[in-house]
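One letter stands for each residue in the lines below.
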Amino acid sequence: MPETHSTKDIHKDINCCTPAACSSLATVFTELQALMAHADPPTEHENPPVNPEQSRPRNWHRARARFLKGLFFFSGDMKVFGKWMEKQFFLLQLLDWVLRGAAQVMFVNNPLSGLIIFAGLILQNYWWALNGFVGTLFATISALILRQNRGAIASGLYGYNGILVGLLMAVFSNKGNWYWWLLLPNIFLSMMCPIVSSALASINSRWDLPVFTLPFNILVCLHIVATGHYNHHFPQVLIQPRTELPNITWAEIDVSRLFMSVPVGVGQVYGCDNPWTGGIFIISLFISSPITCAHAVLGSAVGMILGLALAAPFGDIYFGLWGYNCVLACIAIGGMFYALTWQVHLLAIACAFFCAYLSSAIANTMSTFGLPTCTWPFCLSALTFLLLTTGISAIFKLPLAKVTYPEKNLRYFWKLKKQEKIQMADKERIESEEEQKLEIMMNEKDQLRLKLERLEEKRGEGNASEDGDDEIYVKSHAAGVERQGTEDIRHNDLTEVTVAGEING
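On a predicted model such as this, the values are computed, not experimentally measured, just so you know.

The rules behind these values
Residues numbered from 1 in each chain as written. Predicted model: local features only at pLDDT ≥ 70, side-chain atom pairs only at ≥ 80, totals over all residues. Heavy atoms only, no water. Helix = DSSP H or I, 4+ residues; strand = E, 2+ residues; numbered from the N terminus. Contact = heavy atoms within 4.5 Å. Areas by Shrake-Rupley, 256 points an atom, 1.4 Å probe, with all protein chains shown as cover. Expected span 1.5 Å × (residues − 1). Buried < 20%, exposed > 50% of the residue type's maximum accessible area, 1.4 Å probe, protein only. Arc of directions from axis to C-beta. Polar contact = N/O pair within 3.5 Å; in protein donor to acceptor, adjacent residues only side chain to side chain. Phe/Tyr/Trp six-rings, centres within 6.5 Å; stacked < 30°, edge-to-face > 60°. Patch = residues over 30% accessible without salt bridge, like charges linked within 9 Å, V, L, I, M, F, W, Y side chains within 5 Å. Salt bridge = Lys/Arg side-chain N within 4 Å of Asp/Glu carboxyl O. Lys, Arg positive; Asp, Glu negative; His and termini not counted. Charge placed at Lys NZ, Arg CZ, Asp CG, Glu CD. Axes fitted to C-alpha atoms, helices over the stretch in contact; angles between N-to-C directions. Left-handed = near helix turned anticlockwise from the far one by under 90°. pLDDT = per-residue confidence, 0-100. 1 Å grid on protein atoms, 1.4 Å probe; cavity = no way out; pocket = protein on both sides within 12 Å on 5 of 7 lines; lining within 4 Å. Points joined across faces, edges and corners; volume = space filled by probe spheres on them. Nonpolar A, V, L, I, M, F, W, Y, C, P; charged D, E, K, R; others polar.

K.L.:
Quick question: what am I supposed to make of the overall build of the chain here?
P.N.:
Each helix and strand in the chain was counted, giving 19 helices and zero strands. Put simply, of all contacts in the chain between residues at least 6 apart along the chain, 71% involve residues at least 24 apart. Accessible surface for the chain amounts to roughly 30500 Å². Of this, 63% is attributable to carbon and sulfur atoms.

K.L.:
Is there a simple way to explain helix α13 (residues 275-288) in this structure?
P.N.:
Helical geometry note: an α-helix holds 3.6 residues per turn, so side chains three or four residues apart project in the same direction. The first and last C-alpha atoms of α13 sit 20 Å apart over 14 residues, in line with the 20 Å expected at 1.5 Å per residue. For α13, the full list of buried residues reads Thr277, Gly278, Phe281, Ile282, Ser284, Leu285 and Ser288. For α13, the angular spread of buried residues about the axis comes to 160°, placing them on one side. In this structure, α13 carries Trp276, Ile283 and Phe286 as exposed residues pointing more than 90 degrees from its buried face. You can read the cap of α13 off the contacts: a side-chain oxygen lies 2.9 Å from the backbone nitrogen of Trp276, and it is on Asn274.

K.L.:
Help me out: how do you make sense of the side chain of Asn204 in this one?
P.N.:
Along the chain, Asn204 falls in helix α10 (residues 183-204). Residues in contact with Asn204, not counting those within four places in the same chain, are Leu209, Pro210, Val211 and Leu214.

K.L.:
What exactly am I supposed to notice about the packing of aromatic side chains here?
P.N.:
Within a pair of aromatic rings, the relevant descriptors are the distance that separates the centres and the angle that separates the planes. Enumeration according to the criterion identifies 18 aromatic pairs in this entry. Considering the side-chain rings of Phe107 and Phe337, the 5.8 Å spacing of their centres and the 90° angle between planes classify their relative orientation as edge-to-face. You can see Phe107 sitting in the loop between α5 (90-103) and α6 (111-124) and its partner Phe337 sitting in the loop between α16 (324-336) and α17 (342-367), a full 230 residues away along the chain. You can call Phe337 buried: its relative accessible area is 8%.

K.L.:
Please explain a nonpolar patch on the surface as it appears in this structure.
P.N.:
On the surface, Ile122, Tyr126, Trp178 and Trp180 cluster together into a nonpolar patch covering about 510 Å² of accessible area. Along the chain, Tyr126 turns up in helix α7 (residues 126-145).

K.L.:
Help me out: how do you make sense of a negative patch on the surface in this one?
P.N.:
A surface patch of like charges, here negative, comprises Glu428, Glu431, Glu434, Glu435 and Glu439. Structurally, Glu435 can be placed in helix α19 (residues 406-504).

K.L.:
Help me understand the packing of helix α11 (residues 214-227) against helix α18 (residues 376-386) in this model?
P.N.:
A packed helix pair is summarised by two numbers, namely the angle formed by the two axes and the spacing between the axes. Relative orientation of the contacting elements α11 and α18 amounts to 145°, with a least axis distance of 9 Å. Between α11 and α18 lies a crossing whose hand is left-handed. Across from Leu214, Asn217, Ile218 and Cys221 in α11, the residues of α18 making contact are Trp376, Cys379 and Leu383.

K.L.:
What should I look at first to understand the pattern of salt bridges in this one?
P.N.:
Pairing of side chains with opposite charge becomes possible as their charged atoms draw close. Evaluation of the coordinates by the stated rule reveals six salt bridges. Residues Glu420 and Lys417 are paired through a salt bridge, measuring 4.0 Å at the closest nitrogen-oxygen approach. Separated by three residues within a single helix, Glu420 and Lys417 lie in helix α19, roughly one turn from each other. By relative accessible area, Glu420 is classed as partly exposed at 42%. Judged by relative accessible area, Lys417 falls into the partly exposed class, the value being 25%. One network of salt bridges, in which partners are shared, links Asp426, Arg429 and Glu433.

K.L.:
Looking at this model, I keep getting lost on the confidence of the model for the chain. Mind explaining?
P.N.:
Predicted coordinates in areas of low pLDDT are best not read in detail. Per-residue pLDDT for the chain has a mean of 84; in total, 80% of the residues score no lower than 70. Predicted confidence in the chain is weakest over helix α1 (residues 2-16), with a mean pLDDT of 44, and strongest over α7, with 97. Low pLDDT (under 50) marks residues 1-46, which in the prediction has ten contacts with non-local residues, meaning those over four places away or in another chain. Taken together, the stretch residues 494-505 has pLDDT below 50 and engages in zero contacts with residues farther than four places along the chain or on a different chain.

K.L.:
Please clarify how the environment of Ala348 should be interpreted in this entry.
P.N.:
Its location among the elements puts Ala348 in helix α17. Exposure remark for Ala348: the relative accessible area of 0% places this residue in the buried category. C-alpha separation for the pair Ala348 and Gly335, spaced 13 residues apart in sequence, amounts to 8.5 Å. With near-sequence residues (within four places) excluded, Ala348 lies in contact with His295, Cys330, Ile333 and Gly334.

K.L.:
What am I meant to see in empty space enclosed by the protein here?
P.N.:
The gaps left among the atoms become clear once a water-sized probe is rolled over them. Inspection of every chain in the model, using the stated rule, returns one cavity of 30 Å³ or more. One number sums up the size of the largest cavity: a volume of about 30 Å³. Forming the walls of the largest cavity are Ser261, Gly265, Ser300, Gly303, Met304, Ile317, Gly320, Leu321, Trp322 and Gly323. No other element matches the three residues that helix α14 (residues 290-309) contributes to the lining of the largest cavity. Here the residues of the lining of the largest cavity sort into four nonpolar, six polar and no charged.

K.L.:
Just checking my understanding: could you explain the layout of surface pockets for this structure?
P.N.:
When its volume is computed, the largest pocket comes out at roughly 1200 Å³. Around the largest pocket, the lining is made up of 42 residues, and of these Gln104, Gly151, Ala152, Ser155 and Leu157 lie nearest the centre. Broken down by secondary-structure element, the contributors of at least two residues to the lining of the largest pocket are α4 (79-85), α5, α8 (150-154) and α10. Grouping the constituent residues of the lining of the largest pocket by class yields 21 nonpolar, twelve polar and nine charged. In this structure, the second largest pocket encloses a volume near 970 Å³.

K.L.:
Got a minute to help me understand α5 in this structure?
P.N.:
A rise of 1.5 Å per residue sets the reference length of α5, with its 14 residues, at 20 Å; its end C-alpha atoms lie 20 Å apart and thus fit the reference within 8%. With ten of 14 residues buried, α5 is to be regarded as a mostly interior element. Here α5 has its buried residues at Gln93, Leu94, Asp96, Trp97, Val98, Leu99, Arg100, Gly101, Ala102 and Ala103. Buried positions along α5 lie against α4, α6, α7, α8 and α9 (160-172).

Following this line, the structure appears as structure tokens:
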């Protein structure tokens, strides 16, 4: 065996070496024996035993991550699903756009929410649901024919006015259900929605404002005024102003119906008075955006409270007529076109109260002309609050191109705030560095100035000493000159005297 041979060689080397070397080799031999005794060390492939108590939190985190991933797929604007739809055939894409258009009435860009909304419409009335689908479909087709922005079409922004036109034409028709001729003006006016939307967008874009449901208001009022109640083909429901004081007895108020008016108010956005339909709409909103859902319920509750405060007939409150405009106004301001903060939340509530007042005023005015209120109060109140100017930094109006859904809008706002903080920190750092440089330069200038002053002082002292020497030299030179002058004068005098003596002699 090789192991036996190597052991004998080691023993032979130990016997043949010196005592000092023998001790060192013995130490090496002992270490080799220990290694040979454990010749098979544990490999990396062998996993240590896993504690089941440690694996439970890990499994829980994995399950939570999968759940959040699945929730993200169905919530918000379903962006992943939209990208997948871009590769599908046209009819499937068109169905996706129609469903998104149905949900965009509530500012929701989610086909699953649109499907649930259509389910609620079917629960309310089959005929109304059919008219709503036809209106959304032909409004979207009209936008495609006019070659409007493809991204806006895919988001359902050209379909939501169409579904409102189709629904409300069926609601206000005095011919009842399954009057098939009604589909003709429905199709025509729905196809007019993209034209009116594009025209209004060219005006509102100057102030970065959305069109909202103004095309629906214009076209439905146009149809009702053009036909009216007394019409052979398309008679409308008779709308008259109130002519007597309503009989309001607070003891007769039905609290259960009062609470049910909250989901009914949400359903009345689509002209539905069934509380179960309103509940289905609330679920569809919650799937896409819990913030939108909360503000929808809050807006309907505000409308109900203000209706009681203004002594409105209980029947109108139970019917949800005081709530639906407030629902849309509260959603629009509360996180959709403004980034949601507690200041914006209060602003949304204020907008809902203002919208309820405006609803009563417009309803009383338009009823004298036999016209419904539609969503005029919502459009006017929301546009008013979007034109607000304030110095509060927490009330931040999003650019129209960046508006998606409240949760994503809020993340965009936080990102901007973070960038502003980074920019401010960089600016402060740059300013501090510049101040330090200025201080260093000032110090250097001061030092140079002091050096120059010292040099000038030294020069001044040197010049003063030179001037003193010059003065001494001048004085001594002047004295020498004077002496020489006196000596010359004396010499001249002596010469004159000598000459005169010689002449006399």
